[in-house]
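# Architecture and fold: a report
Chain residues, written in single-letter form:
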Amino acid sequence: MTASLKPCALPDTPLAHASAGLDACVHCGFCLQACPTYVNLEDENDSPRGRLVLMRRLLDGAIALDDPDVGAHIDRCLGCRACETACPSGVPYGELLEATRATMLPVRSLPLVARIVLAVFARESFLRPALFAARVLRATQIPRALARILPARLAFPFAMLASSAPHLRNTQGLNARRRAIPLARASELATSVALLDGCVMDGLFGHVNAATARVLLVNGYDVIAAPHQKCCGALHAHAGDLESARALARANIAAFELSNVQYIAINSAGCGAMVKQYAHLLRDDPAWALRAEQITARARDISELLAAVGPTQGGALPLRVTHDPPCHQLHAQRVVKQPLAVLAAIPELTVIPLDEADQCCGSAGIYNLIEPDTSDAVLAPKLRCIAQTHATYVASGNPGCMMQLGAGLLRSGSTTRVVHPIELLDASYAMKQRNT
Ligand code: SF4
Ligand code: SF4
């Protein structure tokens, strides 16, 4: 497909700057069956190809920027980027989606819940108390009870919170007290890494962060503190609030520069995809472009770091597990085999293949809060596929997916629980330690 010859109706906007990506689409439709919204809603306008046409028509001025129907189709996109993996022409769909949302943002307001969440995640003074309150509420077990008795729409956020609690500790009698989180000084020999704390990971999945630090240490990495980190900015970028995303990116770049590590270890796929995007996000900022490039070059999914050294074998963990790769690991980062290498380091772990593992679970940041019907429709087949495995645990390396799957399983009465792959490896190391 050749570039549009019509004059640009939206000059000097993020969408106009990204328009070369639109030109790459040849309208072949190979992406359609990969798209969860198209598969579930069966509307071409809710497919990648259809949305790309809408973006082109916005640029050509054939559709007004504040057209509510176009806004709805763009909002309904999960941003899972499965269409990028399927596309033979290399259309940078994720970049185009964010550019479109950023271009639309000044002419229409986000839903109230989205505005509240983005405001909270952009400010430490709001975020820390909110996550502390969530932890206290979770400890009361009230969310678990409400998740079972409230109507579905109200129950789901409580089910998400309840499902963020540690599960392996209760099942295996293994706990996180056996070693403090190592914040060792880098030696001359060891490879130094700083852990991206993440806001939800730090606030609700501290047990996974602790496990990640222990696992890195077992595998020969020195874990160095990188204080003063903030939210990675992924939620803001996905919503089109690129200025907030850039401000958060600058703060994190400065924090990681101070730690002076070789790698940044990231155990949240959504955050990992975002940090790997910092170079692109700040490419036009002369003061930050090079600094962003250097931080992006150091960012690694935790499974990449472990697979690179061939993860140390743990002790036997005779569990049935299935792996659901997060879209931002599989499609956005193209990290495919490494999480399986992590699980392969666990003797006697039975890893059952998951049908349609490359399909989104419907979490997509705060999508499940603002598009609950479509999110439910996307989650339902995922839960059916998980049930077919008869697995005791689902392993997934992203907090949003862990809570979405966990909430769906909890609400459906399933006894299957969701854990991070690193928790399994950590438990396996604990087993080895116990038996030696
Ligand atoms: S697969 Fe790629 S080129 Fe084909 S329609 Fe989809 S986005 Fe366009
Ligand atoms: S990002 Fe996901 S939901 Fe959006 S068009 Fe691509 S495949 Fe469909």
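As the structure is a prediction and not an experimental result, all values here were calculated from the model.

### What to know about the sheet that holds strand E4 (residues 299–301)
Two strands in a sheet stick together by hydrogen bonds in their backbones, pointing the same way (parallel) or opposite ways (antiparallel). Spatially, four strands are ordered E2-E1-E3-E4 in an open sheet, and the strand pairing comes out parallel. Strands with a single pairing partner mark the edges of an open sheet, and in this sheet they are strand E2 (221–224) and E4. This sheet shows a mean twist of 40° between the axes of neighbouring strands, independent of strand direction. Contacts from helix H20 (residues 302–309) reach strand E1 (191–195), E2, strand E3 (263–266) and E4, with the element oriented near 80° to E4.

### Describing the nonpolar core
The biggest cluster of nonpolar side chains holds 42 residues, and the ones touching the most others in it are Phe-121, Leu-204, Phe-205 and Leu-405. Broken down by secondary-structure element, the contributors of at least two residues to this core are helix H8 (112–122), helix H9 (124–139), helix H11 (152–163), helix H13 (199–204), helix H15 (234–239), helix H24 (372–389) and helix H25 (399–412). With seven residues, H25 is the single largest residue contributor to this core. Setting aside residues no more than four positions away along its own chain, Leu-204 makes contact with Leu-131, Ala-134, Arg-135, Arg-138, Leu-161, Ser-164 and Met-403.

### Digging into the site of ligand 2
In the vicinity of ligand 2 there are 13 residues, among which Cys-35, Cys-77, Cys-80, Arg-81 and Cys-83 approach most closely. Of all the elements in the fold, those that place two or more residues in the shell around ligand 2 are helix H3 (36–41), helix H4 (48–60) and helix H6 (82–86). Grouping the amino acids of the shell around ligand 2 by side-chain chemistry returns nine nonpolar, two polar and two charged.

### Some remarks on the packing of H4 against helix H5 (residues 68–75)
In contact at an axis separation of 10 Å, H4 and H5 are set at 140° when each is read in the N-to-C sense. When the interaxial angle is binned, H4 and H5 end up oblique. In the packing of H4 onto H5, the handedness of the crossing is left-handed. Where H4 abuts H5, its residues Arg-51, Leu-54, Met-55 and Leu-58 lie against Val-70, His-73 and Ile-74. Looking at the contact of H4 with H5 residue by residue, the classes come out as five nonpolar, one polar and one charged.

The rules behind the values
- Residues numbered from 1 in each chain as written.
- Chains lettered and ligands numbered in written order.
- Predicted model: local features only at pLDDT ≥ 70, side-chain atom pairs only at ≥ 80, totals over all residues.
- Heavy atoms only, no water.
- Pairing = 2+ DSSP bridges.
- Helix = DSSP H or I, 4+ residues; strand = E, 2+ residues; numbered from the N terminus.
- Axes fitted to C-alpha atoms, helices over the stretch in contact; angles between N-to-C directions.
- Contact = heavy atoms within 4.5 Å.
- Core = buried A, V, L, I, M, F, W, Y, C linked by side-chain atoms within 4.5 Å.
- Buried < 20%, exposed > 50% of the residue type's maximum accessible area, 1.4 Å probe, protein only.
- Near = heavy atom within 4 Å.
- Nonpolar A, V, L, I, M, F, W, Y, C, P; charged D, E, K, R; others polar.
- Parallel < 35°, antiparallel > 145°, perpendicular 65-115°, else oblique.
- Left-handed = near helix turned anticlockwise from the far one by under 90°.

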